[in-house]
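# Fold and geometry: a report
Each chain, letter by letter, is given below.
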Amino acid sequence: MTEPAIRLRDLRKNFGRTEIIRGVDLEIGKGTRHAIIGPNGAGKSTLFHLISGKYEPSGGQIFLHGEDISGKLPFEINRQGLSRSFQVTNIFPRMSVFENVRCGMLWSAGYRYAFWRLVDQLRDLTEESERILEEIGLADRRDIPAGVLTYAEQRALEIGITIAGGADVIMLDEPTAGMSRSETDQAVELIRRISEGKTLVMVEHDMGVVFDLADKISVLVYGELIATDTPERIRGNKAVQEAYLGTAEEAEEMADA
Amino acid sequence: MSVIATTGAATTRRATFRRLAVWLVSAAVLLILPQIFTSGLAVTVMNQMGIAIVFALSYNMMLGQGGMLSFGHAVYFGLGGFFAMHMIDWVDQQLFVFPIYLTPFMGGLFGLFMALVIGSFSTRRAGTVFAMISLGIGELVAALSLILVVFFGGEEGVSGDRTTGPGIFGFNFLQDIEVYYLIAVWVLVAVLFMYLFSRTPAGRMANAVRDNPERAEFVGYSQRTVRLISFCAAGFFAGIAGGLFAINYEILTEQNLNATTSGGVLLMAYIGGIGYFIGPIVGAVIFTLLQTVLSGYTDLWVLYVGLVFLATVLYVPTGLTGIMMMHVPAWRLGRLRSLVVPYLTMVIPVAMLFCGLVGLLEMFHYRNGAPTGEVEMTVFYVTVDFTSPLPWAVFTALTLAGGYLTRRLAPAVAASFQAATSYDAKGSSA
């Protein structure tokens, strides 16, 4: 069997004496779209922060393509081919939309800290950035400061920056949060396109989106995984339904999806 | 698709051409300026401006481009200057042969080296921590300059003779005008390279880290390394400015690296506008004019510079360049003319406010320092007796009336500005 894209072994995180992640074991196979769901406060975002290097694990290990990345810094993990988006929009507000995307690919294109090359002469970067702007539907916003985009546009840009570097593991933290129905539909199509042939990990509250996109779903409750399975079997899983009883609305939504 | 591609290429070519034109025009202006302003004083002022331009732009590589607020940038200016001054002395003592006109580059290298040493720990964080470290280092080096006499020359500083090295094209920099052309060439080259730096991957990521250091880390960049590179580049160009200072004045003292000089460069960059590449250039020119010309008229010039700075921070944080740039939309829409009348109506109240305030300040200042028996002074070419209540009453009235009218008229002017710059104003519904 091939090495999974991401493997977590007994991953733990506590803040002071509060345990947020309490021993998570998980394997996310190459090329799958994997969703992590769970009630509010279950630790989904914390799990994301641990994998992407924003937080350092209190215990356990994280492997990216078989390599131990636990405790590495965000930029080191990014250079190994993992790129993530944020739940709260996290862009470069004073730079143009185009430059936001271009900044997302400078490192992976091999330009690093170069101070002897001019970015405007790097035609490959310009073309690739424009292609991504086309893809995320912001081509006509190219030259305006990213900070003045509408909320939905900033969410799209957030994804654009995340995929710009061509990472093969993409992590999206609630990509459709706060979007209207039609905006969500567009976002789902976008995510489907950009995750083609890549490993996608996402946290999402919208069950419609989850069951539409995911090949596999993990359910996180109080810092522990209670199930990891295909969408059909998750829907029928007794433990999952019980965990969601507290939030009846989401349970209903799940039954409908 | 191919149509788009070709128009794209044409646009790029036109932009490149326009950019090239800007540099050529700048070079021509630098060449012609001494033919227009021929007096010795003018040349002195322009030399000082050139040095200030390089220094202020180097400062903005950190503040405007990299988001690092430094209170100790004069350290790299001063250290570069001292090193260049020693180079000039060594050449004079015939320790080795080195062309004097290249010493600013050596000053730059020394500034770069010091920035690398200090930046290695100060750029870990931006914000308050960075600002405090810069302040501490500034004080430390200023204090050291009175202790390490070998390098800093104690209180009298280090001086030398710039004319002894091998010349170039028959120039040996005996006269100020020769130094002017030397500085002009250095300014052009330094400004060009600072501009180009901002267009490199390292320069672009400096902007990204300024905007959002966290996100920069998640696209593969260490915020610390990005900052360190900008910091070193800023140190390098500050050192070049220091080297130019050494050639121009042939002396460096503790004054050139202390907190006053560090504060001065902050004022220049901020008044000019830190959000624009040319902002610090504008600021350096204005600041130098105030410093040299205004100081000839009044002792209070520092106070006025301070007031200009305060007004900038409070009312136009984008600086003087920002004010100019605000008018670009109106200019594009061809409505700049509609602003002439509203602006003219503002001239009188603002002038009243200005004259009243300056009059009061000057009288107050003069009264405190006047020799006994002396009761007359000159304000705005008018001789007044500061013991009589009349001038006090006139200036107070001017201040109050000017202030009141300015406040009354400001909303109307702001409204005309809005109308001139908004796209949906009448007449342009298309």
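Look up a bit, the structure's there.
Read on for an overview of the structure. Predicted model, so just to flag it, every value in this text is computed and none were measured.

### Quick notes on the pairing of strand β9 (residues 216-221) of chain A
All names here are of chain A. With five of six residues buried, β9 is to be regarded as a mostly interior element. Summarising the sheet, strand β3 (residues 33-37) and β9 pair through four bridges and their orientation is parallel. Among the inter-strand pairings, Ile37 is bridged to a residue of β9, identified as Val219. For β9 and strand β10 (residues 224-229), the ladder comprises five bridges, and the chain directions are antiparallel. Directly across from Val219, in β10, lies its bridge partner Ala227. Hairpin connection of β9 to β10: two residues between the antiparallel strands, including Tyr222 at a positive phi of 45°.

### Description of the sheet that holds strand β6 (residues 82-84) of chain A
Residues and elements named next belong to chain A. If you trace the six strands from one edge of the open sheet to the other, you get β6-β7-β8-β3-β9-β10, paired in mixed fashion. Here the strands that pair on one side only, and so sit at the sheet edges, are β6 and β10. The mean angle between the axes of side-by-side strands here comes to 15°, regardless of whether they run parallel or antiparallel. Relative to strand β7 (residues 169-173), helix α5 (residues 151-164) is tilted by about 160°, and along the sheet it contacts β6 and β7.

### Concerning the nonpolar core
Ranked by size, the top nonpolar core spans 133 residues in total, and within it Leu157(A), Ile217(A) and Met205(B) carry the most contacts. Looking at this core element by element, the count peaks at 14 residues for helix α10 (residues 223-249) of chain B. Once residues lying within four places of it in the same chain are set aside, the contact partners of Met205(B) are Cys103(A), Leu106(A), Ala216(B), Val219(B), Tyr221(B) and Val226(B). Counting 24 residues, the second largest nonpolar core, distinct from the first, contains Ile6(A), Phe48(A), Ile69(A) and Val201(A).

### Thoughts on helix α3 (residues 74-92) of chain B
Residues and elements named next belong to chain B. Given a rise of 1.5 Å per residue, 19 residues ought to cover 27 Å, and the 26 Å separating the end C-alpha atoms of α3 matches this to within 8%. Buried residues dominate α3, accounting for 17 of its 19 residues. Downstream of α3 by a residue or two, Gln94 has a phi angle that is positive, lying close to 60°.

Scoring rules and cut-offs
Residues numbered from 1 in each chain as written. Chains lettered and ligands numbered in written order. Predicted model: local features only at pLDDT ≥ 70, side-chain atom pairs only at ≥ 80, totals over all residues. Heavy atoms only, no water. Buried < 20%, exposed > 50% of the residue type's maximum accessible area, 1.4 Å probe, protein only. Helix = DSSP H or I, 4+ residues; strand = E, 2+ residues; numbered from the N terminus. Pairing = 2+ DSSP bridges. Axes fitted to C-alpha atoms, helices over the stretch in contact; angles between N-to-C directions. Contact = heavy atoms within 4.5 Å. Core = buried A, V, L, I, M, F, W, Y, C linked by side-chain atoms within 4.5 Å. Expected span 1.5 Å × (residues − 1).

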